[in-house]
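Below are the chains, spelled out letter by letter.
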Amino acid sequence: MTRSFIILIFSCLLYGSKISAAGTAASDGDDGYRLWLKYELVKNASLKAEYLKYATFIAQTAEGDIVQSASRELHMGLSKLLGKSVHVTNSFEGKSGGIVLKLESGPDPTQQAEGYRIQLAGGNIVVSSKSENGILYGTFVLLRHMQMRLPVKGLSLASSPKVRFRMLNHWDNPDGTIERGYAGQSLWKWYELPERVDPRYTDYARANASVGINGTVLNNVNASARFMSQEYIVKVAAVANVMRKYGIKTYLSVYFAAPKTLGGLTTSDPLDPQVRAWWKEKVAEIYKEIPDFGGFLVKANSEGEPGPQDYGRTHADGANMLAEAFKPYDGIVVWRAFVYKADPNADRFKAAYEEFVPLDGKFDPKVIVQVKNGPIDFQPREPFSPLFGNMPKTPLGMEFQITQEYLGFATHAVYEAPIFKECLDSDTYVNGEGSTVAKVVDGSLHGYARTLMAGVANTGNSRNWTGHPLAQANWYAFGRLSWDHQLSSEHIAHEWVALTLTENQKASGHIVKLMLRSREIYVDYNTPLGLSRPWMGVHFAPEPWENKGSRPDWTAIYYHRADSVGLGFDRTASGSNALAQYRPQVQQQWNHSDQTPLPYLLWFHHVRWDKKLSTGRSLWAELCTRFYTGADSVVWMQQQWDLAKGSLDPQIYTDVAERLKVQRREAIWWRDAWVLYLQTFARQPIPAGFEPPKRTLEEVKKSVNVYLIR
Ligand code: BDP
């Protein structure tokens with residue numbers, strides 16, 4: 001069969017059946033399934049006429065499944081945007097008035113190959129790239145351009161990704177549950193794979209490719225060894241077959257002790273020849289089924305997971321053993337640096353640095369060490385991890401959390417781009433001023449070619465993918481920033497709102513305002529002034545009184561250190577001295593409580609309750625002010641949302657409006673939990689102007705417990 005014949009059949013099928021699963025719209029109301037790929041009909045007549053000028057044909061001039069996906073998407077997108085089925089052909093000689101998808105010649109093994117160019121030439125719009133992936137990305141950008149109702153006149157766009165591996169990490173378990181997932185069950189239906197391949201996998205791949213994501217780790221970092229069994233490898237291969245068509249490589253998290261538990265060996269020691277042979281065979285087995293397999297993600301010797309240290313070996317020994325198994329292939333090993341030992345005298349803040357910095361230079365070139373943005377654990381605000389910049393001989397990847405583990409699950413609206421940006425824009429000063437975390441991660445500071453940004457996914461099988469409709473923006477923003485970390489939070493928010501919620505500029509302005517302030521508002525009622533709140537619970541409500549845990553750093557009191565004198569964790573030289581892990585210029589910013597910016601104050605200082613802060617208020621009064629104004633600002637968020645009402649789909653409007661009501665109620669509840677608890681130490685009244693909580697501390701504690709039991 002010739003390619004043009006295949007294309008013709010495919011166009012007919014696609015158009016004949018109207019729209020694939022990908023484009024299914026809900027009959028009444030918008031259920032959010034289509035994400036930012038809605039392709040709503042262009043109503044403005046002159047703009048539509050301008051787009052139609054280039055809609056006489058789609059020329060798919062290159063072979064390959066990924067280019068095929070691009071022309072399929074373009075065909076579908078144009079038919080919905082313009083109400084016209086555009087003919088797909090494989091040549092355009094002498095013709096104008098179409099869109100041409102073209103592979104540029106010249107080999108280019110770098111990430112630049114994934115870049116695209118969109119320009120006007122010979123009366124056509126030409127989308128070109130050195131790679132199939134680039135053509136697909138360019139196609140999505142062109143469709144985005146039209147979705148944003150931008151003119152074609154003078155069209156000239158070009159962009160290359162700044163980071164090479166842009167991936168989602170799913171914390172999904174084989175039984176369908178998702179660790180820290182708040183949008184339903186796992187997307188991956190292991191029980192029906194490999195025979196039945198849910199069409200939703202294709203829509204997942206489309207959404208990711210549309211923002212430049214090119215990798216997905218399907219399973220939880222607290223990994224089940226089952227994923228290494230032949231039974232599961234075949235299932236994973238069926239998912240990988242879908243991902244491949246969208247330029248997405250499939251990865252797996254591995255259980256380090258699998259040689260023992262699955263392979264029946266007596267040890268999983270990384271220096272044992274039999275163990276090494278086991279992994280080599282396992283990797284070969286995977287590549288037989290998945291020729292473009294991406295690699296492994298490993299959580300080892302962390303929170304009880306097995307690892308090389310169980311055998312007196314180092315993280316580098318473990319990672320390098322796996323890297324050796326990948327030698328014949330393209331795959332990589334992503335080794336996580338999320339480690340902290342159960343040491344009652346230690347500061348968890350310092351743990352990853354202490355374990356990993358001495359290993360700098362000892363990792364195989366196929367290894368990337370994946371570091372969480374902050375030193376502790378995805379708190380609403382954290383200083384950047386001191387590992388960034390301090391391992392110049394090891395590629396360090398970024399791990400952000402998109403799922404809202406500490407950000408109110410799928411109930412609270414928190415736009416995360418500002419969290420990601422805050423970290424990426426932080427200056428490590430390792431090579432002088434301007435040595436930002438972003439430059440460490442994109443490899444430009446230390447010359448790494450293998451660069452990575454990962455986001456812990458917030459997707460589930462909820463019809464709208466993310467539970468909270470506004471949480472879709474966090475998935476979108478992660479993808480956009482993994483491609484280009486220089487984009488601003490505001491720019492990304494504008495794009496997402498225009499693509500997903502409304503074309504109306506005024507309404508969009510209100511929603512973008514809401515999104516941009518949402519994180520600060522959340523921090524104010526949740527963990528103001530640099531408080532943090534991890535412990536071993538569900539991580540929903542703050543439970544600052546929590547003092548029971550099997551180790552000290554699995555309690556809440558370990559982190560905030562409230563006592564009769566004051567509040568906060570002293571990490572200066574008089575305390576844990578964690579600050580010494582940063583360059584002097586960074587230390588200077590945070591060393592003195594008088595000069596430390598308020599958002600970071602309690603991360604580094606134990607501050608007296610009556611200390612006067614730069615706002616003119618005492619610590620206690622400032623805390624109360626933040627808790628109260630934060631909770632009250634949710635009302636402002638509700639107002640912004642309501643101002644956009646007339647321009648929103650009613651189903652989405654109502655969904656968000658109702659979630660904001662819950663957010664308001666919970667913000668007050670969390671505020672009350674903190675102020676009543678802290679008051680037992682500060683022994684001061686709630687400052688004038690704020691109404692004291694209507695409940696007692698005991699009542700708040702009980703209500704949190706009830707929540708936990710439920
Ligand atoms: C914490 C989560 C836990 C994860 C762990 C990790 O509470 O569920 O397993 O991080 O990243 O944030 O490994």
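Residues numbered from 1 in each chain as written. Predicted model: local features only at pLDDT ≥ 70, side-chain atom pairs only at ≥ 80, totals over all residues. Heavy atoms only, no water.

Identification of the protein as Xylan alpha-1,2-glucuronidase from Dyadobacter psychrophilus is taken from an unreviewed UniProt entry. In UniProt, the protein has this text filed under Catalytic activity (unreviewed entry): "Hydrolysis of (1->2)-alpha-D-(4-O-methyl)glucuronosyl links in the main chain of hardwood xylans." As stated in UniProt under Sequence similarities (unreviewed entry), the record for the protein gives "Belongs to the glycosyl hydrolase 67 family." (UniProt positions renumbered as here; feature names shortened; annotations may be inferred.)

This paragraph deals with the domain arrangement of the protein. Splitting the protein by domain gives domain 1 (45-159), domain 2 (165-483) and domain 3 (523-569 + 606-709). Spacing between the C-alpha centres of domain 1 and domain 3 amounts to 49 Å. (Domains from an automatic or database assignment.)

Looking now at the pairing of strand β13 (residues 396-401). Residues in a regular strand point their side chains to alternate faces of the sheet. Across the six residues of β13, six count as buried, placing the element largely inside the fold. Every second residue of β13 is oriented toward a common face, with Leu396, Met398 and Phe400 on one face and Gly397, Glu399 and Gln401 on the other, all of them buried. Sheet analysis places strand β12 (residues 367-372) next to β13, joined by four bridges and oriented parallel. What sits directly across from Val371, in β13, is Met398. Pairing geometry for β13 and strand β14 (residues 452-456), over four bridges, is parallel. Following the sheet pairing, Gln401 is matched in β14 by Val456. (Buried < 20%, exposed > 50% of the residue type's maximum accessible area, 1.4 Å probe, protein only. Helix = DSSP H or I, 4+ residues; strand = E, 2+ residues; numbered from the N terminus. Pairing = 2+ DSSP bridges.)

Right, let's talk about the sheet that holds strand β4 (residues 116-121) for a bit. Judged by pairing direction, the sheet is mixed, and its six strands sit side by side in the order β2-β1-β3-β5-β4-β6 without closing on themselves. Of all strands in the sheet, those with a lone pairing partner are β2 (88-89) and β6 (156-159), marking the two edges. Sheet topology places β4 next to strand β5 (residues 124-129); six bridges connect them, and they run antiparallel. Across the sheet, the residue bridging to Tyr116 is Ser129, located in β5.

This next bit is on the site of the ligand. Around the ligand sit 13 residues, and of these Glu179, Lys299, Arg336, Lys372 and Glu405 come closest. Lys299 is positioned with one of its side-chain polar atoms (N or O) 2.6 Å from an oxygen atom of the ligand. One nitrogen or oxygen atom from the side chain of Lys372 is found 2.7 Å from an oxygen atom belonging to the ligand. Notes on the ligand: free accessible area 320 Å², of which the protein chains cover 98%. (Near = heavy atom within 4 Å. Polar contact = N/O pair within 3.5 Å; in protein donor to acceptor, adjacent residues only side chain to side chain. Areas by Shrake-Rupley, 256 points an atom, 1.4 Å probe, with all protein chains shown as cover.)

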